[in-house]
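Coordinate inspection notes
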Amino acid sequence: MARPIRIKVPYGSLLNPRPPAPVRARMIPAYRVFNAVMKAMAQALPDRVIATGFDCTTAFCLSHLGEKGYSVYLEIFGGGYGGSKNADGCDAVDSPLSNCSNAPVESLDIDYDFFRVVGYELAADSFGLGARRGGAGFWRRCEILTDDVQLAIYSDRFRLAPEGLFGGEPGRRGYCRVFRADGRTEELRSKAAVDLAKGDVVEMFVGGGAGFGRVSERPDSLIERDLADGLLTRDPRAARRLAAE
């Protein structure tokens, strides 16, 4: 830890951009560096790395201009960690390069009158299975209570899922959807801004982490725990039973 190191990054690259390159969501490429380092270290130190989690900064912002000025709700969401040799990934926590905690729904009800949280829970089957599974992701739904509300998000892993290690399954990708009051459903990109109206519902989903090792090596007790908790809806041992028959 105390030994100095030197890092050379070519000027004009993603990690050392030329002005006026946009750098607002700078933590997202930082996470990709973190993932790359974990994958490289896995070749030399497989017992000391973690599989890819839902690693990104997911900023979710709702704002409304009222008679007393702007009211702005902004929260940083975290998904599931990746699994490791000795442990399942943590469920629904902020990512390794961040330090944000989630805001209790009760406090949001007190502070904001232009939306309300109508759903917030861990998502079943959102993680990659393995000898050690990834952490679960979650979804949150917000109902808009007045017109002229703006939504802004930036996230990542809407297209590319977290990758498992040593035979572990990938985690689920994220998404953001707007269920319009007129019945339409609008799928947003991972970086987006849209106007909302009264009656619209926004669903933000942050995915789970990837698994570590083959699911055939997962202890029965851990599979049964996840089934009992409702985090897992399919028994991965069923295929093994059919093969044996």
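Residues numbered from 1 in each chain as written. Predicted model: local features only at pLDDT ≥ 70, side-chain atom pairs only at ≥ 80, totals over all residues. Heavy atoms only, no water.

1. Section: the pairing of strand β1 (residues 58-66)
Most of β1 sits out of view: seven of its nine residues are buried. Bridge count between β1 and strand β2 (residues 69-77): nine bridges; the pairing is antiparallel. Paired with threonine 58 across the bridge in β2 is phenylalanine 77. Pairing analysis gives six bridges linking β1 to strand β5 (residues 149-154), with the strands arranged antiparallel. In the strand pairing of β5, alanine 59 is matched with tyrosine 154. (Buried < 20%, exposed > 50% of the residue type's maximum accessible area, 1.4 Å probe, protein only. Helix = DSSP H or I, 4+ residues; strand = E, 2+ residues; numbered from the N terminus. Pairing = 2+ DSSP bridges.)

2. Describing the side chain of aspartate 226
Within the element layout of this structure, aspartate 226 appears in helix α3 (residues 220-229). The class of aspartate 226 is buried, set by a relative accessible area of 0%. Polar side-chain contacts of aspartate 226 include one of 3.3 Å to the side chain of arginine 218. Those residues in contact with aspartate 226 that sit more than four places away from it in its chain are Phe127, Arg133, Arg218, Leu231 and Leu232. (Polar contact = N/O pair within 3.5 Å; in protein donor to acceptor, adjacent residues only side chain to side chain. Contact = heavy atoms within 4.5 Å.)

3. As for the nonpolar core
Counting residues in hydrophobic clusters, the biggest one holds 31 residues, and the most contacted among them are Phe60, Leu62, Phe115, Leu151 and Leu196. The residues contacting leucine 196, other than those within four sequence positions of it, are Leu62, Ile144, Asp147, Asp148, Val149, Leu151, Val178, Arg180 and Val202. Met38, Ala42, Leu165 and Ala210 belong to the second largest nonpolar core, which has eight residues in total. (Core = buried A, V, L, I, M, F, W, Y, C linked by side-chain atoms within 4.5 Å.)

4. So, the pattern of salt bridges
Should the charged atoms of two oppositely charged side chains come close, the side chains can pair. The full count for this structure, using the stated rule, is 21 salt bridges. For aspartate 156, the salt bridge identified is with lysine 191, shortest N-O distance 3.1 Å. Here aspartate 156, found in the loop between β5 and β6 (175-179), pairs with lysine 191, found in strand β8 (residues 191-196); they are 35 residues apart in sequence, far enough to count as distant. Under the relative-accessibility criterion, lysine 191 is labelled partly exposed at 42%. Arginine 184 is paired through a salt bridge with aspartate 182; the nearest N and O atoms lie 2.9 Å apart. Accessibility expressed as a relative area gives 47% for arginine 184, which makes it partly exposed. Judged by relative accessible area, which is 54%, aspartate 182 ranks as exposed. If you follow the salt bridges from partner to partner, you end up with Asp88, Asp91, Arg133, Arg218, Arg225 and Asp226 in one network. (Salt bridge = Lys/Arg side-chain N within 4 Å of Asp/Glu carboxyl O.)

5. Concerning α3
Within α3 the residues assigned to the buried category are Leu222, Ile223 and Asp226. For α3, the arc enclosing every buried residue in end-on projection is 100°, short of the 170-degree limit, so these residues lie on one face. Where α3 terminates, the next one or two residues include glycine 230, which has phi positive at roughly 85°. (Arc of directions from axis to C-beta.)

6. Let's talk about the side chain of aspartate 156
Taking relative accessible area as the criterion, aspartate 156 reaches 17% and is therefore assigned buried. At 2.9 Å, the side chain of aspartate 156 and the side chain of arginine 32 are in polar contact. There is a polar contact of 3.1 Å between the side chain of aspartate 156 and the side chain of lysine 191. Once you skip the residues sitting within four places of it in the chain, aspartate 156 turns out to touch Ile28, Arg32, Phe54, Cys56, Ser190 and Lys191.

7. Description of a nonpolar patch on the surface
On the surface, Ile5, Ile7, Val9, Leu14, Leu15, Val33, Val37, Met41 and Leu45 cluster together into a nonpolar patch covering about 820 Å² of accessible area. Its location among the elements puts valine 37 in helix α1 (residues 27-42). (Patch = residues over 30% accessible without salt bridge, like charges linked within 9 Å, V, L, I, M, F, W, Y side chains within 5 Å. Areas by Shrake-Rupley, 256 points an atom, 1.4 Å probe, with all protein chains shown as cover.)

8. Focus: the sheet that holds β1
If you trace the four strands from one edge of the open sheet to the other, you get β2-β1-β5-β8, paired in antiparallel fashion. The open sheet is flanked by β2 and β8, the only strands paired with a single partner. The mean inter-strand angle of the sheet, taken between neighbouring strand axes irrespective of direction, is 15°. Direction of pairing for β5 relative to β8: antiparallel, over a ladder of six bridges. Each bridged residue has a counterpart across the sheet, and for alanine 152 the counterpart in β8 is alanine 193. (Axes fitted to C-alpha atoms, helices over the stretch in contact; angles between N-to-C directions.)

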